[in-house]
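Examining the three-dimensional arrangement
So you can see what is in the structure, the chains are spelled out below.
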Amino acid sequence: IMIAFTDAEEAARDAEESAEAARVADYIANHKYKDDRRKAYGDIGDQLDMLYWDQVNNTTTFKDHVAAVKAAHSKPD
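Please read these numbers as outputs of a predicted model, since none were measured by experiment.

Attention now goes to the pattern of salt bridges. Under the criterion given, the structure shown has five salt bridges. For the salt bridge of Glu17 with Arg13, the shortest nitrogen-to-oxygen distance reads 3.5 Å. Of this pair, Glu17 and Arg13 both sit in helix α1 (residues 7-30), four residues apart, roughly one helical turn. Between Arg23 and Glu20 there is a salt bridge, with its nearest N and O atoms 2.8 Å apart. With Arg23 and Glu20 both in helix α1 and three residues apart, this pair spans about one turn of that helix. We classify Glu20 as partly exposed; its relative accessible area is 39%. Within the structure, one salt-bridge network assembled from shared partners comprises Arg13, Glu16 and Glu17.

Structure (structure tokens):
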């Protein structure tokens, strides 16, 4: 059995859906890159290990990794 919304209920639901869509769009446009970067950087222990071995071997692995992550997941303008 299907129960139809009243016009007021339908309008309220449409407003809720629009607000949620706006919230999701704002997250994607302005905040998602932070979560994407967090995942791409990897575990803090691995980052510290990269830093250690960069110091021991005089390499730039960690710096290169950070630059690649930032390039792949750029901050919105």
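Next, the rest of the story.
With that settled, the discussion passes to the packing of helix α3 (residues 44-57) against helix α4 (residues 61-72). Two numbers describe how α3 lies on α4: the axes approach to 7 Å, and their chain directions differ by 135°. Considered as vectors, α3 and α4 are oriented oblique to each other. In this structure, α3 contributes Gln47, Met50, Leu51 and Asp54 to the contact, and α4 contributes Thr61, Phe62, Lys63 and His65. A breakdown of the residues in the contact of α3 with α4 according to their chemical character gives three nonpolar, three polar and two charged.

Bringing α3 into the picture now. Relative to the 20 Å expected for 14 residues at 1.5 Å per residue, α3 spans 20 Å between its end C-alpha atoms, a close match to the ideal helical length. The distance from a side-chain oxygen at the start of α3 to the backbone nitrogen of Gly45 is 2.9 Å, and the residue carrying that oxygen is Asp43. At the exit of α3 stands Asn58, carrying a positive phi of roughly 55°.

Next up on the list: the packing of helix α2 (residues 32-41) against α4. Two elements in contact, α2 and α4, have axes separated by 10 Å at closest approach and are oriented at 150°. Considering the angle they form, α2 stands roughly antiparallel to α4. The two elements α2 and α4 meet at a crossing, and its hand is right-handed. Of the residues in α4, those in contact with Arg37, Ala40 and Tyr41 of α2 are His65, Val66, Val69 and Lys70. Within the contact of α2 with α4, the residues separate by chemical class into four nonpolar, one polar and two charged.

Calculation notes
- The written sequence of each chain sets the order in which its residues are numbered from 1.
- Only residues with pLDDT of at least 70 are given local features in this predicted model, and only at 80 or more are side-chain atom pairs given and counted; all residues enter the totals for whole chains, interfaces and linings.
- With hydrogens and water stripped out, all remaining heavy atoms of the structure feed into the side-chain values.
- Every case where a carboxyl oxygen of Asp or Glu lies within 4 Å of a side-chain nitrogen of Lys or Arg is listed as a salt bridge.
- Each helix is a run of DSSP H or I of at least 4 residues and each strand a run of E of at least 2, with the numbering of both proceeding from the N terminus.
- Only protein chains enter the accessibility calculation, which uses a 1.4 Å probe. A residue is then buried if its area is under 20% of the maximum for its type, exposed if over 50%, and partly exposed in between.
- For every element, the axis is a line fit to its C-alpha atoms; helices are fit only across the contacting stretch, and the angle between N-to-C directions ranges from 0 to 180 degrees.
- Each angle is binned into one of four classes, with values under 35 degrees roughly parallel, values over 145 roughly antiparallel, values of 65 to 115 roughly perpendicular, and all other values oblique.
- In what follows, residue pairs with any heavy atoms lying within 4.5 Å of each other are defined as contacts.
- Under this grouping Gly is polar, as are all residues other than the nonpolar Ala, Val, Leu, Ile, Met, Phe, Trp, Tyr, Cys and Pro and the charged Asp, Glu, Lys and Arg.
- The length a helix should cover is 1.5 Å for every residue beyond the first.
- Whenever a nitrogen or oxygen atom comes within 3.5 Å of another N or O atom, the pair is scored as a polar contact, on the condition that within protein one atom can donate a hydrogen and the other can accept it, and that pairs from neighbouring residues in sequence are kept only if both atoms are in side chains.
- Here a crossing is taken to be left-handed if its near helix is turned anticlockwise relative to the far helix by less than a right angle, and right-handed if that turn runs clockwise.

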